[in-house]
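What follows is each chain in one-letter form.
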Amino acid sequence: MRLNIIYNKKRLRALYLILAFISMGFYGCQSDDREEEIHSPFDPSNPVEISGFTPGSGGAGQRLVIYGQNFGTDPGIVSVFIGGKEAKVISVNGESLYCLVPRQAFDGDIEVRVGRGDRQVIAYSDKHFEYQRKMVVSTLIGYKNDRGDEPWKDGKFKSDDQNEMASGFWEPSFMKFDPLNPKHLWVTFDFNNGLYLIDFEDSTITKKRSDFDRPRSIDFTNDGQYMIIAEDRGGENDRATYRLSRDKDWQDREILTRYRQCNGASVHPVNGELYFNSYEKGQFFRFDLNKYFSEGLGDKDYETLFVVHDPQWEYKIFIHPSGNYAYIMVINQHYILRVDYNWEKEQFNQPYLVCGQLKSPGYQDGVGSDVRMRNPYQGVFVKNDDYVEAGKPDEYDFYFTDQYNHAIRKLTPEGSVTTFAGRGSSSINPDPYGYVNGDLREEARFDRPSGIAYNEEEGAFYIGDQMNHRIRKIALEEMDDTPDKEQGTEAGDRPFSLSHPEE
C-alpha cells in the first residue's frame, strides 16, 4: 500500500513537471511573438500613431520617450519635431522612441515622421509638450577668424556683413552698467586704451575714448553723475583713479588720487567713500569722495586702512549693495577675502578669508578653504528671490568669473561656491575650455572669461570671453537665441599652447 502511494506521488510530480514545461513553452512562444511585434520594422502601408509621451514637460536637452505604433527599428528614418524644432533621436523600438528635446520648442506640438520620400508616414500628438524656458549661454557680440587677429573695431552686434560687426575683445575686461541708463554697458580692457560703450538701444559697440594706459575698473558715484576709472600705472605719482563727468559726455578727466599700480576702485553704495588698492604692497586705501566734492581734497589725501598679505597681490574690491561688507578678490593668489564695514567709523575693518586658499590654484566647488579657484577676476551681487521670501538677512549671491577655470562661479552668503556656467559636460570633452553656446553646464564653454555684469531688469548676465574674442550672454532663452554657426568647435580641437596651461 505504501509503495503504491509513493508511486502515485512520483507520477503526479512528473505530470506537474510536464505541464510546467508546456506552460513555459507556450509563454515563450507568446513572448517571442510579442517581441517580434514590438521590434517589427516600419510598415509604410500602415499608419504611424502617437499614443503618449513622458515626461510631459521640460526644457532643452530633456530626455523624452514617445509611445505609439509603427515607429520601426531604424532611427535613421525617424524624425521628431517638437514645437517645429527637430529633436535628436537616440533610439527606436517599434512602439517607443527616445529623443532629446531641442532648444526653443516653445509651441510644444509633437510630430513624428517615419520613412523617406513618398513612403514617409507622419503622425501628430493630440497633447502638447509643456516646454520650459531655461537659462542658456549665447553670443552677443564678436567673432574670431581663423588667425585670431581680427581688429579692434566699432560696429553692430550682428550683421550679415562681417565688416560691419564689432570685433576685438581679446584682453581681460571689466564691465559696469550705467546706473541711470540700463541700456548702456560700459567696458574697459586691460592693456587697451579705450573706454567702450555697449549700447542696447541701437545694438552697437563704440569706442568713446582712446587715452587710457591700463584701465582696470569702472564704477559710478552714488548720484550717477561721475564715472570712476582705476588705472594701473607704474610710477608712484601716476594717476591711480580719476573721474569723468556725465554732463561732459564722459569726455573730461580729473585726477582723484595718485599712486602706482591700481588694480581697481569701488564706491561705497551708501556712504559714498572711494576704496582703491595698489599692487605694490597690497595696500587698501580709503578716499573721502563726499569731502572731495564738498570741500575739495588733494590727490594724496587718502588713508591706508590695511595691507592685504604680501607685496604684488593683484586684487579688486566689490562692495555689497547694502554697504555692510565687501569682497576682495585676490586674482593672482586664487582666493576671496571679506571685509566688514564699520558704520560708526565709516570705513572697512580688517579682512578675513571667505573661500579659496592662498597660492593654491585649482578647481573645486565647496565651502570656505576647501574651494579652489584659478584667477577669479570680476564679480557682481545678484538678488536671490528665494532669500527674500525666506526673510534671510543677506539677499544676495555673488557671481564671479574664474578665468583659468573657464567658468562662472557662484558664492553664497554662507561661503559656499558652486559652478554656475561653463566647462560643458566632461562626457563631451574632458578639456574645460572652448566656445560652445547652450545649456549652462551640459554644453556651454568659455575660454578665459574675465568681465561680468548683470542687468536686473532683464535678468541677464554679460560676460567678456577673452580668448574667444566675444561678449557672451546668459539669460532665459528667447525666440532669436539661435546657435552660433561656429559653436560646434570643440575645446581641445586645437593644440596645446602657453595660452592654455594644463588644468
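Above this text you will find the structure in question.
Owing to the predicted nature of the structure, the values given are computational and were not obtained by experimental measurement. (Residues numbered from 1 in each chain as written. Predicted model: local features only at pLDDT ≥ 70, side-chain atom pairs only at ≥ 80, totals over all residues. Heavy atoms only, no water.)

## Points about the packing of aromatic side chains
Item 1. In this structure the tally under the stated criterion is 40 aromatic pairs.
Item 2. Ring geometry for Phe420 and Phe461: centres 5.4 Å apart, planes at 55°, overall tilted. Of this pair, Phe420 sits in strand β33 (residues 416–422) while Phe461 sits in strand β36 (residues 460–465), placing them 41 residues apart in sequence.
Item 3. Overall, Phe420 belongs to the buried group, its relative accessible area being 17%.
Item 4. For Phe461, a relative accessible area of 4% translates into the label buried.
Item 5. A connected cluster of aromatic rings, assembled from ring pairs, spans Phe174, Phe318, Tyr325, Tyr327, Phe381, Phe398 and Phe400.
Item 6. Across from the ring centre of Tyr363, 3.6 Å away, lies the NZ or CZ of Arg423, which sits over that ring.
Item 7. For Arg470, the ring lying beneath its charged end belongs to Tyr435, and the centroid distance is 3.8 Å. (Phe/Tyr/Trp six-rings, centres within 6.5 Å; stacked < 30°, edge-to-face > 60°. Helix = DSSP H or I, 4+ residues; strand = E, 2+ residues; numbered from the N terminus. Buried < 20%, exposed > 50% of the residue type's maximum accessible area, 1.4 Å probe, protein only. Lys NZ or Arg CZ within 6 Å of the ring centre and 35° of its normal.)

## Considering the pattern of salt bridges
Item 1. According to the stated counting rule, one finds 31 salt bridges in the structure shown.
Item 2. Residues Glu273 and Arg286 are paired through a salt bridge, measuring 3.7 Å at the closest nitrogen-oxygen approach. Taken together, the positions of Glu273 in the loop between β20 (265–267) and β21 (274–277) and Arg286 in strand β22 (residues 283–287) put the pair 13 residues apart, joining distant regions of the chain.
Item 3. Note that Asp365 and Arg409 form a salt bridge whose closest N and O atoms lie 2.9 Å from each other. Separated by 44 residues along the polypeptide, Asp365 in the loop between β28 (352–356) and β29 (366–367) and Arg409 in strand β32 (residues 407–411) bring together distant segments of the chain.
Item 4. Judged by its relative accessible area of 0%, Arg409 falls in the buried class.
Item 5. Beyond isolated ion pairs, a larger network of salt bridges with shared partners links Asp190, Arg214, Arg216, Asp232 and Glu314. (Salt bridge = Lys/Arg side-chain N within 4 Å of Asp/Glu carboxyl O.)

## Comments concerning the sheet that holds strand β11 (residues 155–156)
Item 1. Strand order in the open sheet formed by five strands is β11-β15-β14-β13-β12, and the pairing between neighbours is antiparallel. Of all the strands in the sheet, just β11 and β12 (173–178) have a single pairing partner and so form its edges.
Item 2. Note: strand β13 (residues 181–189) against strand β14 (residues 195–199), five bridges, orientation antiparallel. Bridging across to β14, Val187 finds its partner in Tyr196. (Pairing = 2+ DSSP bridges.)

## Details of the sheet that holds strand β5 (residues 85–92)
Item 1. Within the open sheet, the seven strands sit side by side as β1-β3-β6-β5-β4-β7-β8. Their pairing is antiparallel. Among the strands making up the open sheet, the edge pair consists of β1 (49–54) and β8 (121–124). With direction set aside, neighbouring strand axes in the sheet form an average angle of 30°.
Item 2. Direction of pairing for strand β3 (residues 63–69) relative to strand β6 (residues 96–100): antiparallel, over a ladder of five bridges. In the strand pairing of β6, Tyr67 is matched with Ser96. (Axes fitted to C-alpha atoms, helices over the stretch in contact; angles between N-to-C directions.)

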